[in-house]
Amino acid sequence: ALDPGNYFVRVYPGTGANTNYSLGVSATPTDSAGNTLATARQITVGSTTTAFADWVGTTDTNDFYRFTLNQNSNFNVSVTGLSGNADLQLLDANGAIVVSSLNAGTLNESISSLLNAGNYFVRVFSATGANTNYSLGVSAMPVPPDFAGNTLATARQINILSTTASIVDWVGTPDTNDYYRFTLNQNSDFNVSISGLSSNADLQLLNASGAIIASSLNTGTLSEAINRQLGAGNYFIRVFPGVG
């Protein structure tokens with residue numbers, strides 16, 4: 001079993017003998033991934049990238065990998081180190097295509113997708129009969145539970161009291177908006193803030209129609225706060241990832 005690279009074969013006479021000979025050579029690439037969904041290689045996908053080396057070509061046109069996500073995750077997969085054209089697909093538990101990466105030539109292939117918990121497949125396949133080694137890199141970062149709605153229509157209903165209520169949630173690339181809905185029964189001195197940030201997030205106060213009343217758009221991990229005199233009525237709070 002040889003790694004990819006350059007080698008020599010030496011033929012030489014033993015004990016002074018003279019002889020004609022026929023030299024026979026062959027090299028069959030090793031295949032660690034299954035060629036069908038049923039024989040897919042089971043892999044474990046974690047929060048750090050794991051790499052798998054294999055090849056596809058005229059005699060092995062498909063490599064399938066099977067994996068399971070135990071919770072909603074931001075999934076990433078890439079194919080690099082190509083010497084010929086190979087493509088990449090992410091498939092659901094039934095083998096239906098979720099998304100494809102079909103770059104030409106020896107360009108790297110990559111897919112990033114927010115996936116629900118469940119079973120999935122990765123398919124690496126030879127394009128136009130090309131033969132190539134490749135490195136498959138996979139990772140999945142679990143997405144924390146999302147308790148706030150992502151739209152005005154699905155906003156989380158909260159109660160506003162005279163003492164401060166604390167709510168914990170998060171926003172990021174797969175969850176770009178958190179909306180909260182509340183009602184004031186009388187004119188009030190309203191206060192809202194977000195703190196404990198590890199990255200930039202911003203804050204807005206919206207009226208019942210979703211129009212912006214006030215914003216707090218500090219940079220970096222600075223806390224955000226809005227203080228406003230509000231009349232009785234319905235309102236929304238929006239928390240979203242900031243820029244910078």
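In the block above lies the structure referred to throughout.
Everything numeric in this text was worked out from a predicted model, so none of it was measured. (Residues numbered from 1 in each chain as written. Predicted model: local features only at pLDDT ≥ 70, side-chain atom pairs only at ≥ 80, totals over all residues. Heavy atoms only, no water.)

Side note on the packing of aromatic side chains
Two aromatic rings, taken as a pair, are described by how far apart their centres are and by the angle between their planes. Here is the rule: Centres within 6.5 Å are what make two rings of Phe, Tyr or Trp a pair, Trp counting through its six-membered ring; a difference in plane orientation under 30 degrees is then read as stacked, over 60 as edge-to-face, and the rest as tilted. The helix and strand labels rest on DSSP assignments: H or I over at least four residues marks a helix, E over at least two residues marks a strand, and numbering proceeds from the N terminus. Only protein chains enter the area calculation, which uses a 1.4 Å probe; residues under 20% of their type maximum are buried, those over 50% are exposed, and those in between are partly exposed. Think of it as a cone above the ring: NZ of Lys or CZ of Arg counts as a charge over the ring if it is within 6 Å of the ring centre and within 35 degrees of the ring normal.
If you walk through the whole model with that rule in mind, you get five aromatic pairs. Considering the side-chain rings of Phe67 and Tyr120, the 5.7 Å spacing of their centres and the 20 degrees angle between planes classify their relative orientation as stacked. Taken together, the residues Phe67 in strand 3 (residues 62-69) and Tyr120 in strand 8 (residues 118-126) connect sequence positions 53 residues apart. Like Phe67, the residue Tyr120 is buried in the burial classification. Grouped by ring-pair contacts, the aromatic residues Phe67, Phe75 and Tyr120 constitute a single cluster. Taking NZ or CZ as reference, Arg10 lies 3.8 Å from the ring centre of Tyr12, over its face.

Thoughts on the sheet that holds strand 6 (residues 97-101)
How we decide: Following DSSP output, two strands are said to pair if at least two bridges run between them.
Taken in spatial order, the five strands line up as 1-3-8-5-6 in an open sheet, and their pairing is mixed. Each edge of the open sheet is held by one strand with a lone partner, namely strand 1 (41-42) and strand 6. Inspection of the sheet shows strand 5 (residues 86-91) paired to strand 6 by four bridges, in the antiparallel sense. Along strand 6, the bridge assignment pairs Leu88 with Ser101.

What to know about the sheet that holds strand 13 (residues 201-206)
Two modes of strand pairing occur in sheets, parallel and antiparallel, and in both the strands are linked by backbone hydrogen bonds. Read across the open sheet, the five strands follow the order 10-11-16-13-14; overall the sheet is mixed. The sheet is open, and its two edges are formed by strand 10 (156-157) and strand 14 (212-216), each paired on a single side. Bridging between strand 13 and strand 14 involves four bridges; their strand directions are antiparallel. Opposite Leu203, over in strand 14, you have Ser216 as the bridge partner.

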